[in-house]
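# Structure at a glance
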Amino acid sequence: MEEIKLSYNQTEQLNQFELEGLFNLWNSVYPMQLAYKDLDGLRDYFAPLQNKQHILVKTATNKVIGWFFSFEREGVRWFAVLVNNEYKRSGIGSELIKRAKKQFAPLNGWVIDHDRYYKLDGEKYESPIGFYLRHGFQIDSDVRLEIPILSAVKIHYP
């Protein structure tokens, strides 16, 4: 693993290098159902969101290996967290959540709460629900996202 550094980018605009890094991170971490074919798909995802805030974790060579993303949709603050598979269980996700709870709470998110999906590389996608529960998030078990390609539960903090 490369040396890491936390860097903050408190803007809704990402440079091309950061966008490409997020595209690669997104497609390597999320289930294949959520993968984007190209950068335009990721740009389209960002476009309608408001008050976007990013916290990027980069290696010494500037590779994006972690990302916290906070945004508003219909007046509600939502978030996403991604950590490169090689750096999972290194404390990066916990540090991102700690910083996010101080700066952006309350937070709402969708979390896949089962292990039925696979990533683009063929590895099984592991639900991060336990991670969020350990960090004080609560499950809104009566609020689910059920669409043909995805099943997830809503979580919130506090």
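Use the structure listed above.
First, a word on scope: everything that follows refers to the structure included in this document. Quick caveat, the model's predicted, so the values are computed rather than measured. (Residues numbered from 1 in each chain as written. Predicted model: local features only at pLDDT ≥ 70, side-chain atom pairs only at ≥ 80, totals over all residues. Heavy atoms only, no water.)

## Topic: the packing of aromatic side chains
Applied cut-off: Two rings belonging to Phe, Tyr or Trp (six-membered ring only in the last case) form a pair when the distance between their centres is within 6.5 Å. Interplanar angles under 30 degrees mark stacking, angles over 60 mark edge-to-face geometry, and anything in between is tilted. Helix and strand definitions here come from DSSP, where helices need a minimum of 4 consecutive H or I residues and strands a minimum of 2 consecutive E residues; each element is numbered from the N-terminal end. Only protein chains enter the accessibility calculation, which uses a 1.4 Å probe; a residue is then buried when its area is under 20% of its type maximum, exposed when over 50%, and partly exposed in between. Two conditions define a charge located above a ring, namely a distance within 6 Å from the ring centre to NZ of Lys or CZ of Arg, and an angle within 35 degrees of the ring normal.
One pass over the full model with this rule turns up 20 aromatic pairs. Here the aromatic rings of F68 and F79 are separated by 6.1 Å at their centres, their planes lie at 15°, and the arrangement is stacked. Of the two residues, F68 sits in strand β3 (residues 64–73) while F79 sits in strand β4 (residues 76–83), which places them 11 residues apart along the sequence. F79 matches F68 in its accessibility class, with the two residues each being buried. Site record: aromatic cluster; members linked through ring pairs are W26, Y30, Y36, Y45, F46, W67, F69 and F71. In this arrangement the basic side chain of R73 is found over the ring face of W78, its NZ or CZ atom lying 5.5 Å from the centre.

## A short note on the pairing of β3
What counts here: Any two strands with at least two DSSP bridges between them are considered paired.
When you tally the buried positions in β3, you get eight out of 10 residues, the bulk of the element. Connecting strand β2 (residues 50–59) to the next strand, β3, in antiparallel fashion are four residues, including N62 with a positive phi near 75°. Relative to β4, β3 is paired through eight bridges, and the arrangement is antiparallel. Each residue of the ladder has a partner; that of S70, found in β4, is F79. Turn length for the β3-β4 hairpin, with the two strands adjacent in sequence and antiparallel, is two residues, and the turn residue E74 shows positive phi of about 55°.

Any functional reading would require information beyond the geometric quantities listed.
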